[in-house]
Amino acid sequence: MEFAEYVVLQRPALMRFATVLTGQPWLADDVVSDVLGRAYERWDRISRLAEPHAYVRRMVVNDYLSWRRRLMRTIPRADVEPHLTGLGDGAQERAERDAMIQRLAGLPRKQRTAVVLRYYAGLPDAEIAEQLGCRESTVRSQIARALAALRITMTNPPLVEMR
């Protein structure tokens, strides 16, 4: 498969994956663009792999988890896109998805990554452990802690600030 064909077919899926992973559409676009730029340079080698998409997805995870990248990134001081508190497009599903993405954004990076790889990408513990560079028991522990934190945030109503 040629690189241009791969990008046309897989970029939307990579963008969805990265958006759920990062919690920010602008950051997801930046991560995917950087990863695809590096993948283009190595495409001859990557395209010969049994699962080139899995390799590129791993590149997205690694890029997201990279401390070097976090230190070099400039965080905008204002929201790039207006924050919608209502039903964005009027559909209940979209509102629930947006709320879940916000809850995921509150998790530590490794917990969020483990949850996204398990429940969004559908990967088993062994593959998640390989992508995160840890043991399967650590993956299960990270997911258990993340789910416990998500349960707490879902059962406790948000505090409303009185003025």
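This text follows the structure it describes.
To start, this report covers the structure provided alongside it.

What counts as what
Along each chain, the written sequence defines residue order, and numbers are assigned to residues from 1. Two thresholds apply to this predicted model, a pLDDT of at least 70 for residue-level local features and 80 or more for giving and counting side-chain atom pairs, whereas whole-chain, interface and lining totals are computed over all residues. As a rule here, side-chain values cover all heavy atoms of the structure and leave hydrogens and water aside. Three labels apply to residues, based on accessible area from a 1.4 Å probe with only protein chains included: buried if under 20% of the type maximum, exposed if over 50%, partly exposed otherwise in between. Helix numbers and strand numbers start at the N terminus; a helix is a DSSP run of H or I with at least 4 residues, a strand a run of E with at least 2. Here the arc refers to the directions that run from the helix axis out to each C-beta atom. Contacts are residue-level and defined by heavy atoms, with any inter-residue pair within 4.5 Å sufficient. Expected span of a helix, by definition, is 1.5 Å for each gap between consecutive residues, and there is one gap fewer than residues. Any Lys or Arg side-chain nitrogen located within 4 Å of an Asp or Glu carboxyl oxygen qualifies as a salt bridge. Note on definitions: angles span 0 to 180 degrees between N-to-C directions of axes, and those axes are lines fitted to C-alpha atoms, for helices only across the stretch in contact. For this classification, under 35 degrees means roughly parallel, over 145 means roughly antiparallel, 65 to 115 means roughly perpendicular, and everything else is oblique. Ten residues, namely Ala, Val, Leu, Ile, Met, Phe, Trp, Tyr, Cys and Pro, are considered nonpolar, four, namely Asp, Glu, Lys and Arg, are considered charged, and the remaining ones, Gly among them, are considered polar. Rotating anticlockwise by less than a right angle from the far helix to the near helix defines a left-handed crossing, while the corresponding clockwise rotation defines a right-handed one. Buried Ala, Val, Leu, Ile, Met, Phe, Trp, Tyr and Cys residues that are joined via side-chain atoms within 4.5 Å together make up what is termed a nonpolar core.

Let's shift gears to helix H8 (residues 125-132). The complete set of buried residues in H8 reads Asp-125, Ile-128, Ala-129, Gln-131 and Leu-132. For H8, the angular spread of buried residues about the axis comes to 165°, placing them on one side. Turning to H8, the residues buried within the fold contact helix H4 (52-65), helix H7 (109-120) and helix H9 (136-155). Positioned one or two residues after H8, Gly-133 has a phi angle of 70°, which is positive.

Bringing helix H6 (residues 92-105) into the picture now. Over its 14 residues, H6 runs 20 Å from end to end, which matches the ideal 20 Å to within 8%, given 1.5 Å per residue. For H6, the elements touching its buried residues are helix H1 (3-22), H7 and H9.

Right, let's get into the pattern of salt bridges. Applying the stated rule across the entire model yields 6 salt bridges. In this structure, Arg-140 engages Asp-125 in a salt bridge whose closest nitrogen and oxygen atoms are separated by 3.6 Å. Linking Arg-140 in helix H9 with Asp-125 in helix H8, this pair joins segments that are 15 residues apart in sequence. You can call Arg-140 partly exposed: its relative accessible area is 43%. Glu-136 is the partner of Arg-140 in a salt bridge, and the nearest nitrogen-oxygen pair spans 3.8 Å. Here the residue Arg-140 and the residue Glu-136 both occupy positions in helix H9, the gap between them amounting to 4 residues, near one helical turn. Residues joined in a network through salt bridges with shared partners are Arg-118, Asp-125, Glu-136 and Arg-140.

The N-to-C vectors of H7 and H9 enclose an angle of 95°; their axes lie 8 Å apart at closest approach. Judged by the angle between their axes, H7 and H9 are roughly perpendicular. Only Gln-142, Ile-143, Arg-145, Ala-146 and Leu-147 of H9 make contact with H7, whose side of the interface consists of Lys-110, Gln-111, Ala-114, Val-115, Arg-118 and Tyr-119. Counted by class, the contact of H7 with H9 contains 6 nonpolar, 2 polar and 3 charged residues.

Attention now moves to the environment of Met-154. Along the chain, Met-154 turns up in helix H9. On a C-alpha basis, the gap between Met-154 and Ala-99 in space is 9.6 Å, while along the polypeptide they are 55 residues apart.

The interhelical angle for the contact between H7 and H8, taken along N-to-C directions, is 140°, at an axis separation of 10 Å. Viewed along their axes, H7 and H8 adopt a mutual orientation that is oblique. Both H7 and H8 take part in a crossing whose hand is right-handed. Across from Lys-110, Thr-113, Ala-114, Leu-117 and Arg-118 in H7, the residues of H8 making contact are Asp-125, Ile-128, Gln-131 and Leu-132. In the contact of H7 with H8, the residues fall into 4 nonpolar, 2 polar and 3 charged.

Before going further, it helps to examine the nonpolar core. Ranked by size, the top nonpolar core spans 37 residues in total, and within it Val-56, Val-60 and Ile-128 carry the most contacts. Look past the residues within four positions of Ile-128 in its chain and what remains in contact with it is Ala-114, Leu-117, Arg-118, Leu-123, Val-139 and Ile-143.

Here we come to the environment of Glu-136. Under the relative-accessibility criterion, Glu-136 is labelled partly exposed at 37%. Separated by 11 residues in sequence, Glu-136 and Asp-125 have C-alpha atoms that sit 5.6 Å apart. Leaving out residues up to four positions away in the same chain, Glu-136 has contacts with Asp-125, Ala-126 and Ala-129.

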